[in-house]
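Each chain, written out:
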Amino acid sequence: MTRPNFLDRNQDVISVSSLNRMARDLLEAGIPPVWIGGEISNLTLAASGHGYFSLKDGGAQVRCVMFRHKLAVLPFRPQEGMQVELRGQVTLYEARGEFQINVGEMRAAGLGRLYEAFERLKARLQAEGLFDSSRKRELPAHPAAIGIVTSPAAAALRDVVSTLRRRMPGIPLILYPAQVQGEGSAQQIAKAIQTAGERREADVLIICRGGGSIEDLWAFNEEIVARAVAACPIPTVSGVGHETDFTICDFVADRRAPTPTAAAELVSPNREHLAIQLEQTKRALERALGRLLTDKTQQLDFLGRRLTHPGSKLQAQRDKLGALSQGLRQRVHAVFDQGRWRLQLAASRLTHHQPDLAAQSQRLQQQQARLQRARDRLLERRSRQLAQLSATLTAFNPEAVLARGYAIVQKRNGQAVKNPAELQDHETVTLRLAEGSTEARIEHPQGVQPELPF
């Protein structure tokens, strides 16, 4: 950037806004973001969520602004007179021409060394791949036992146990006690994690403690704890501090929970939710089974209509025969009853109109005698007529004529010759006699003169 020469009288006159903008650009380009330590004074937390204050020391002060999205993620609430270390962009507020710092990060004073150690270890372990998502394991949906690494006197243990007993009281809990704050606490935590991994008594392991300052939580930022968590064969859940607290243990564990209570909720199924899911699954199964049974019943009915057991057919025929037999018996009884009734009626009428049998028998005998006499007379008359006809027939019988010496002349075709004119000269005829027949030759029939020799 070319700097203006303010001693040049021929230089164009610039506005205040331009000047302040140039000053801002110079400050932002010339001074990189740095960590600055001092005391908060004149703190104002505006309704918009932004924070305005001055950072001062024994010899000077500078205006600072921390915008809402940065202020909201601070693990503590800034207060008047608090010693802090902040990192931000040195700039100029153009509207007022005020030199200020736009704060991006803030921490309590004296913690710079811890933060630097935290960041160094975090970067080194991340480079080794201990934070990679590929090595993260899934938590068991229904653990048979849950292990807890914390202090027996910690309030976090009571919160975890209370939550687990409320959600799923039937799951056994195994405590691996360890000091979670102070000298030697990191070694105890690592040892408890190692013991849980060796015993394999639990299906998932909760590593937890309540909230506190960075110094209070520092045991969970030690490399020995990170290595123990990474080497643990059991899926791990880190529930250290409050939601805004982050430790190295959180990054290495398979899952990070914002609080110990949340860690207990992550590793345990909800009994009420399971009951609801079980009831829903039960109803779904009942509906599915109902539909299946309906379908199979319809198929069975369809097949049953197509395939009839022989015993069923026999039973049906037996039933039909029984029904017909019953109907026949009823019909016979009805016919018998009707016949009996008609017989009784006829008997009643016969009794009422009973004839004189003796007189009828006498008349019958008389009629029989007359019929016999008439029959005899008829037979006698018919016999005489038959005799007469027989005699007449005998008289006209050709056989009788032949017996008296006559013959019947017949042509070859069997026709009887009645007139000599029917015959031809030299024609052969048959002469039928009483006792056989013979042939004859006609030499000169009637009307044909024989030829005389010369």
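Residues numbered from 1 in each chain as written. Predicted model: local features only at pLDDT ≥ 70, side-chain atom pairs only at ≥ 80, totals over all residues. Heavy atoms only, no water.

### Overview of the UniProt feature "coiled-coil region" (unreviewed entry) in the protein chain
Logical step 1: Mapped onto the present numbering, the UniProt feature "coiled-coil region" (unreviewed entry) falls on residues 357-384.
Logical step 2: For residues 357-384, helix accounts for 100% and strand for 0%, while the C-alpha atoms at its two ends are 40 Å apart. (UniProt positions renumbered as here; feature names shortened; annotations may be inferred. Helix = DSSP H or I, 4+ residues; strand = E, 2+ residues; numbered from the N terminus.)

### Concerning unusual backbone geometry
Logical step 1: In this structure, Asn42 is a non-glycine residue whose phi angle is positive, near 50°.
Logical step 2: With respect to the element layout, Asn42 can be found in strand β1 (residues 34-45).
Logical step 3: Phi is positive for Arg200, close to 55°, though the residue is something other than glycine.
Logical step 4: For Arg200, the location among the structural elements is in the loop between α5 (185-199) and β8 (204-209).
Logical step 5: On the basis of relative accessible area, Arg200 is assigned to the exposed category, the value being 54%. (Buried < 20%, exposed > 50% of the residue type's maximum accessible area, 1.4 Å probe, protein only.)

### A look at the pattern of salt bridges
Logical step 1: Using the criterion set out here, one finds 16 salt bridges in the structure.
Logical step 2: The salt bridge involving Arg107 is made with Glu85; its shortest N-O contact spans 2.7 Å. Here Arg107 is found in strand β5 (residues 98-108), whereas its partner Glu85 is found in strand β4 (residues 83-93), with 22 residues between them in sequence. Residues Arg107 and Glu85 agree in their burial class; the two are buried.
Logical step 3: Arg137 serves as the salt-bridge partner of Asp254, at 2.9 Å between the closest nitrogen and oxygen. Placement of Asp254 in the loop between α7 (248-252) and β10 (255-256) and of Arg137 in the loop between α3 (112-128) and β6 (146-150) is noted, with a sequence separation of 117 residues between them.
Logical step 4: Three or more residues are tied together by salt bridges with common partners; here these are Arg21, Arg24, Asp25 and Glu94. (Salt bridge = Lys/Arg side-chain N within 4 Å of Asp/Glu carboxyl O.)

### What about the packing of aromatic side chains?
Logical step 1: Scanning the entire structure with this criterion turns up two aromatic pairs.
Logical step 2: Considering the side-chain rings of Phe131 and Phe251, the 5.4 Å spacing of their centres and the 35° angle between planes classify their relative orientation as tilted. Of this pair, Phe131 sits in the loop between α3 and β6 while Phe251 is found in helix α7, placing the two residues 120 residues apart along the sequence.
Logical step 3: Exposure remark for Phe131: the relative accessible area of 14% places this residue in the buried category.
Logical step 4: Pairing Phe246 with Phe251 gives two aromatic rings, centres 6.2 Å apart and planes at 20°, and the pair type is stacked. (Phe/Tyr/Trp six-rings, centres within 6.5 Å; stacked < 30°, edge-to-face > 60°.)

### Topic: the nonpolar core
Logical step 1: Ranked by size, the top nonpolar core spans 34 residues in total, and within it Val149, Ile189, Ile193, Leu205, Ile207 and Val229 carry the most contacts.
Logical step 2: Of the residues forming this core, the biggest block, six residues, is contributed by α5.
Logical step 3: In contact with Val229, other than residues within four places in its own chain, are Ile193, Ile207, Thr236, Cys249, Val252 and Ala253.
Logical step 4: Counting residues in hydrophobic clusters, the runner-up holds 18 residues, among them Ile148, Leu164, Ile171 and Ala264. (Core = buried A, V, L, I, M, F, W, Y, C linked by side-chain atoms within 4.5 Å. Contact = heavy atoms within 4.5 Å.)

### Concerning the side chain of Thr150
Logical step 1: Relative to the helices and strands, Thr150 is located in strand β6.
Logical step 2: The class for Thr150 is buried, based on a relative accessible area of 0%.
Logical step 3: A distance of 2.8 Å separates the side chain of Thr150 from the backbone oxygen of Cys208, its partner in a polar contact.
Logical step 4: Residue contacts for Thr150: discarding those within four places in its chain leaves Leu157, Leu175, Tyr176, Pro177, Ala178, Val180, Cys208 and Arg209. (Polar contact = N/O pair within 3.5 Å; in protein donor to acceptor, adjacent residues only side chain to side chain.)

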